[in-house]
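# Structural overview
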Amino acid sequence: MELLGIKVGNGLGLGKCLFVDTKLPNLNQETATSLEEEVIKVNNAIDEAIKDYEDIIASLDDEDLKSLTEFNKNVLISPSIKKDITNIINDKKCYGDLAIDIYFNNKIKQLENLDNNYLKERAKDVKDIRHKVLSKYYGIVEFNPDNLKEDVILVSHEMTANVLLTDNIEHIKGIVSELGGKTSHIGILTTSLGIPSIFGIDIKNLKNDELLFIDGNKGIIENELSEERIKEIKEKIATELALAKELDDIKEARTLDNYLFEVSANTGDLTELERIDEIPLDGIGLFRTEFLYLNKTTPPDEDYLFEVYKSFATKLNGKQMIIRTLDIGGDKKCPYIDIGEEANPFLGYRAIRYCLDHKDFFKTSLKAILRASAFGNIAIMYPMISSIEELRQANLILEEAKQDLRDNKISFKEDIKVGIMVEIPAVAAMADMMIEEVDFFSIGTNDLVQYTTAVDRGNTKISKLYEWFNPGVIRLIKNAIDVTKNYDDKFVGMCGEMAADPLGIILLVGLGLDEFSVNINTVKKTKKYISLLNKKETEEFVKTLLNLKTVKEIEDKLNKFANEKYGKYY
Ligand code: PEP
Ligand code: MG
């Protein structure tokens, strides 16, 4: 049986299905036989949970995972926790599990009722901690990735990042979750660790211990595998591994008829600075500045931002670095940025909309970028632009930031390039007017698809409608690309996930995209796919797609072409 879900982490994996939702027994509502014993059991459970977190912290290299685990540990070492739970046991004369549950439920409610979105999010972490302490209390052996002896695909109703709190991911061949989106913590982790992952799968169709095949490139899970199919899958995985090895030699994205395309990386993660020399990237097509603002309690200052940008720009050694100004709001929340409650956050007070209303805050962020432009090939990009007025207003603030620097005799690149994300349909439709006032476009399909098809990108119930091969979306992309061709000194890139999709690459090469900006882990693969195509032939092929009316027809034709051109690599 084949199950289709949302593609989150690329790659192929074969392993036994392992459900990691440890179901806890029902809480004991009776009067406890010995209150002292319950207090001891609870205290031991808390100590064991702290010890688990300490062991995890000691074994981790990844800083993000470490800080997540530190938070969990700190909740448990708070001096009042044991006292408070003891008081509940004594007051209610109840068993320890009920007291633990009451204690943590209060904490969760307090966090959920706060106005601060960052702290609200922490309620989920406290639920994880409650689960851990209760498991210890009952003596349930929790899933521990360190103990895995065979290849598995982890399956859960709502997977949490806890399952990856280990440096021992060798046997984790895939992640399947019913709930969660690409931008959830676990989604981001699986992508950066290179683990295939698919969300939005109805997991009741899967059985513990059965063999599963996960195809993260296509978003498909297969079960009930025949011997013959297992053999095919093993060959496919072996080819993928061989391909990964071959990719080590790849340098350029040069088509068979000798056209060179740029393939850059999307980053913003400080831990990826060191990888810039290892990966054959042509630049950074999207530096997500929001990573420097999220998970902090106060805004980063100008000097800090400047130092980060400077370190990346210097390391890039002349290659272009496109820095996107703060893209906050939607599903990206900061504790110190008060967006307020919104019925439709993705249509709300986001990104440039917030920045234009907070001029000093925005100016500080622009000054940091401008100062760094003296040390490398930096360009500025505004997110979520929906009108010419917004662009002009942002440029006025940029001019003020430049003047401040001139007044203080601080150097920067006077003619720094300024571009916009094309991620709102209105802008894609008026691309001919927009291009007159910018140096470049970067098409943000993650949002462009969501807004054009009116499909919330994180809503698993409607994920099947989230299609970048929707003819309406293709027309907008084509329009944004076409208008740039009237200018020799302007370019158009794409930094949405579509740019790394093997079928998307065919369409985009055929439409004449100049720059593909993809997750740092897929730069080599994207270059390989482009180098297997003939540009002129692909252009002719793509023309035949433009009048097709359904996604299915477009995908079928693309698939056929991909099989012919990519061969064993597909
Ligand atoms: C996009 O919308 O395509 C994009 C790259 O930005 P983000 O995913 O951060 O919204
Ligand atoms: Mg976007």
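Not measured: the values here are computed from a predicted model.

### A few points about the pattern of salt bridges
This model, assessed by the stated rule, comprises 43 salt bridges. Among the ionic pairs, Glu 274 bridges to Lys 315, the shortest N-O distance being 3.6 Å. Here Glu 274, found in the loop between β10 (260-267) and β11 (283-288), pairs with Lys 315, found in helix α9 (residues 302-316); they are 41 residues apart in sequence, far enough to count as distant. You can call Glu 274 exposed: its relative accessible area is 51%. Classification of Lys 315 as partly exposed rests on a relative accessible area of 26%. Notably, a salt bridge pairs Arg 392 with Glu 437, separated by 2.6 Å at the nearest N-O pair.

### Quick word on the coordination of the magnesium ion (ligand 2)
Protein coordination at the magnesium ion (ligand 2): the donors are Glu 423 (OE) and Asp 447 (OD), at 2.1 to 2.2 Å from the metal. Of this pair, Glu 423 sits in the loop between β14 (417-422) and α13 (425-429) while Asp 447 is found in helix α15 (residues 445-453), placing the two residues 24 residues apart along the sequence. A relative accessible area of 2% places Asp 447 in the buried class.

### Some points on unusual backbone geometry
Not every positive phi belongs to a glycine, and Asn 258 is a case in point at roughly 75°. Tracing the sequence through the fold places Asn 258 in the loop between β9 (253-254) and β10. Overall, the relative accessible area of 51% leaves Asn 258 in the exposed class. Not every positive phi belongs to a glycine, and Ala 454 is a case in point at roughly 55°. With respect to the helices and strands, the residue Ala 454 is situated in the loop between α15 and α16 (471-484). We classify Ala 454 as exposed; its relative accessible area is 67%.

### So, the side chain of Thr 453
Secondary-structure assignment places Thr 453 in helix α15. On the basis of relative accessible area, Thr 453 is assigned to the buried category, the value being 19%. Here Val 449 takes part through its backbone oxygen, which lies 2.5 Å from a polar atom of the side chain of Thr 453. Apart from residues lying up to four places away in sequence, Thr 453 is in contact with Leu 465, Glu 467, Asn 470 and Val 473.

### Brief notes about the site of ligand 1
The immediate surroundings of ligand 1 are formed by 14 residues, with Arg 288, Arg 324, Gly 444, Asn 446 and Arg 457 found nearest. Take Glu 423: an N or O atom from its side chain is 3.0 Å from an oxygen atom of ligand 1. In this structure, Arg 457 approaches ligand 1 through a side-chain N or O atom, which is 2.8 Å from an oxygen atom. Alone, ligand 1 offers 290 Å² of accessible surface; in the complex the protein occludes 99% of this. Among the elements that line the shell around ligand 1, the one with the most residues is α15, at three residues. Grouping the amino acids of the shell around ligand 1 by side-chain chemistry returns three nonpolar, four polar and seven charged.

### So, the side chain of Thr 267
By secondary structure assignment, the location of Thr 267 is in strand β10. A polar atom in the side chain of Thr 267 sits 3.3 Å from the backbone nitrogen of Asp 269.

### Comments concerning the pairing of strand β3 (residues 12-19)
Residues in a regular strand point their side chains to alternate faces of the sheet. As paired strands, β3 and strand β7 (residues 211-215) are joined by five bridges and run antiparallel to one another. Of the residues in β7, the one forming a bridge with Leu 12 is Asp 215.

### Points about the domain arrangement of the chain
Domain parsing of the chain yields domain 1 (22-138), domain 2 (145-245) and domain 3 (250-569). The distance between the C-alpha centroids of domain 1 and domain 2 comes to 29 Å. If you look at the interface, domain 1 gives ten residues, while domain 2 gives nine residues. Between domain 1 and domain 2 the total buried area reaches about 870 Å² when both faces are included, carbon and sulfur atoms providing 57% of it. For domain 1, the biggest contributors to the area lost against domain 2 are Leu 65, Leu 68 and Asp 128; these three give 49% of the whole. Here domain 1 is connected to domain 2 by zero salt bridges. Breaking the side of domain 1 that touches domain 2 down by element, the ones donating at least two residues are α1 (35-59) and α2 (63-77). It is α2 that provides the largest number of residues to the side of domain 1 that touches domain 2, a total of four residues.

### Quick word on the packing of aromatic side chains
How two aromatic rings sit relative to each other is given by the distance of their centres and the angle of their planes. The full count for this structure, using the stated rule, is 13 aromatic pairs. Centroid distance Tyr 293 to Phe 361: 5.9 Å. Interplanar angle 65°. Geometry classified as edge-to-face. Of this pair, Tyr 293 sits in helix α8 (residues 290-293) while Phe 361 sits in helix α11 (residues 359-372), placing them 68 residues apart in sequence. An aromatic cluster is present here, built from Tyr 293, Tyr 349, Tyr 354 and Phe 361 joined pairwise through their rings. We note Arg 371 situated over the ring of Phe 306; from NZ or CZ to the ring centre the distance is 4.2 Å. Sitting over the ring of Tyr 259, Lys 535 keeps its end group 4.6 Å from the ring centre.

### Details of the packing of α1 against helix α3 (residues 80-92)
Interhelical geometry of α1 versus α3 gives an angle of 150° and a closest axis separation of 10 Å. Relative to α3, the element α1 lies roughly antiparallel. The chirality of how α1 crosses α3 is right-handed. Contacts between α1 and α3 involve Leu 35, Glu 38, Val 39, Val 42, Asn 43, Ile 46 and Asp 47 from the former and Ile 81, Lys 82, Ile 85, Thr 86, Ile 89 and Asn 90 from the latter. Partitioned by chemical class, the residues of the contact of α1 with α3 number seven nonpolar, three polar and three charged.

### Overview of the environment of Asp 84
Tracing the chain through its elements places Asp 84 in helix α3. Residue class for Asp 84 comes out partly exposed when judged on its relative accessible area of 26%. Asp 84 sits 115 residues away from Phe 199 along the chain, and the two C-alpha atoms are 38 Å apart.

### Examining the environment of Tyr 304
By the element assignment, Tyr 304 lies in helix α9. We classify Tyr 304 as partly exposed; its relative accessible area is 32%. Distance from Tyr 304 to Val 449, taken between C-alpha atoms, is 34 Å for residues 145 residues apart in sequence. What Tyr 304 contacts, discounting residues up to four positions off in sequence, is Leu 270, Leu 292 and Lys 296.

Criteria and thresholds
- Residues numbered from 1 in each chain as written.
- Chains lettered and ligands numbered in written order.
- Predicted model: local features only at pLDDT ≥ 70, side-chain atom pairs only at ≥ 80, totals over all residues.
- Heavy atoms only, no water.
- Salt bridge = Lys/Arg side-chain N within 4 Å of Asp/Glu carboxyl O.
- Helix = DSSP H or I, 4+ residues; strand = E, 2+ residues; numbered from the N terminus.
- Buried < 20%, exposed > 50% of the residue type's maximum accessible area, 1.4 Å probe, protein only.
- Donors = N, O, S within 2.8 Å, 3.2 Å for Na, K, Ca; no water.
- Polar contact = N/O pair within 3.5 Å; in protein donor to acceptor, adjacent residues only side chain to side chain.
- Contact = heavy atoms within 4.5 Å.
- Near = heavy atom within 4 Å.
- Areas by Shrake-Rupley, 256 points an atom, 1.4 Å probe, with all protein chains shown as cover.
- Nonpolar A, V, L, I, M, F, W, Y, C, P; charged D, E, K, R; others polar.
- Pairing = 2+ DSSP bridges.
- Domains from an automatic or database assignment.
- Buried area = accessible area lost by both parts, 1.4 Å probe.
- Phe/Tyr/Trp six-rings, centres within 6.5 Å; stacked < 30°, edge-to-face > 60°.
- Lys NZ or Arg CZ within 6 Å of the ring centre and 35° of its normal.
- Axes fitted to C-alpha atoms, helices over the stretch in contact; angles between N-to-C directions.
- Parallel < 35°, antiparallel > 145°, perpendicular 65-115°, else oblique.
- Left-handed = near helix turned anticlockwise from the far one by under 90°.

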